Amino acid sequence: MIQLDPQKLPVHLAVIMDGNGRWAQQRMLKRIVGHQRGAETVKMVVEQSSLLGIRYLTLFAFSSENWSRPAMEVRALMTLLKKYIRQETARMMRKNIRYNVIGNRSDLPDDVNETLDEAILKTAGNTGMVLTLALSYGGRQELCRAAARLAQEAIDGRLSPGDITTELFDSYLDTGGLPDPDFLIRTSGEMRISNFLLWQLAYTELYFTETNWPDFTINELHKALADFQSRERRFGMTSDQLTQRGDLSNA
Ligand code: IPE
Ligand code: IPE
Ligand code: MG
């Protein structure tokens, strides 16, 4: 059993859930079967994260670039998403989890948006973990949307360019109000960010595993979190400075 320090868990865990297609293809199955199996891993990670006391969990479920996949796969993913949200909302209520969505929702089919709205509304009063789904999400697109909104505020005379600080900019992103992720897990062996949370990952600890998403287990999640706990996050400072700060706050 992997020992975790409950005081040192990430406040915000982000995950790039990758490798569903390869998982299926290696088994001579259709890619969508991999996505279906991946949905089971999502249930496990949501349940475990909430149980461990992680406050924010953000899952990359569908990227802006994923629209370029074959239409049949895109359709199947949208159907799966709808089914997942419908099936899981009752469990989210029991576990006091609140749904949130980031990404360009105007590109999602109407029925998916309706299902999302229902789930968001129903869970809006929940005070436990915030589960953010990144759907039709791209980091560059999000940054452009934020810049466009800021420009409009300036044109309307509500803002002057000198008012734009990192804090203000942050609040214009889809993730406004969420803390930056402390830890990012990507499965399937790819060592890239693929346009996920480009601004927010500035000081996030990154973790890559070869395991494909449908095979990702509780034990692997715990192993990843134990790795996070062994890291020294310096945020540009020196190790000595951090030790001194620690001494002061313990005094
Ligand atoms: C991740 O698995 C799920 C989505 C991107 C929707 P993939 O479908 O990317 O699986 P691989 O990377 O092709 O194996
Ligand atoms: C990133 O995975 C997007 C999601 C997990 C939703 P991709 O499979 O789309 O990324 P690339 O194309 O391999 O970079
Ligand atoms: Mg992939």
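The structure displayed is predicted, hence computed values, not measured ones.

### Side note on unusual backbone geometry
- Even without a glycine there, the phi angle at Asn96 is positive, about 65 degrees.
- Relative accessible area serves as the criterion here: at 29%, Asn96 is assigned to the partly exposed category.
- The phi dihedral of Phe235 falls on the positive side, at around 45 degrees, and the residue is not glycine.
- Turning to its location among the elements, Phe235 is positioned in the loop between helix H7 (218–229) and helix H8 (239–250).
- Phe235 gets classed as partly exposed once you look at its relative accessible area, which sits at 42%.

### Section: the packing of helix H2 (residues 31–52) against H7
- The N-to-C vectors of H2 and H7 enclose an angle of 50 degrees; their axes lie 10 Å apart at closest approach. For the element pair H2 / H7, the angle class is oblique. Handedness of the H2/H7 crossing: right-handed. Across from Met44, Gln48 and Leu52 in H2, the residues of H7 making contact are Ile218, Leu221, His222 and Leu225.
- Its residues placed into classes, the contact of H2 with H7 shows five nonpolar, two polar and no charged.

Here is what the cut-offs are and how they apply
- Residues numbered from 1 in each chain as written.
- Chains lettered and ligands numbered in written order.
- Predicted model: local features only at pLDDT ≥ 70, side-chain atom pairs only at ≥ 80, totals over all residues.
- Heavy atoms only, no water.
- Buried < 20%, exposed > 50% of the residue type's maximum accessible area, 1.4 Å probe, protein only.
- Helix = DSSP H or I, 4+ residues; strand = E, 2+ residues; numbered from the N terminus.
- Axes fitted to C-alpha atoms, helices over the stretch in contact; angles between N-to-C directions.
- Parallel < 35°, antiparallel > 145°, perpendicular 65-115°, else oblique.
- Left-handed = near helix turned anticlockwise from the far one by under 90°.
- Contact = heavy atoms within 4.5 Å.
- Nonpolar A, V, L, I, M, F, W, Y, C, P; charged D, E, K, R; others polar.

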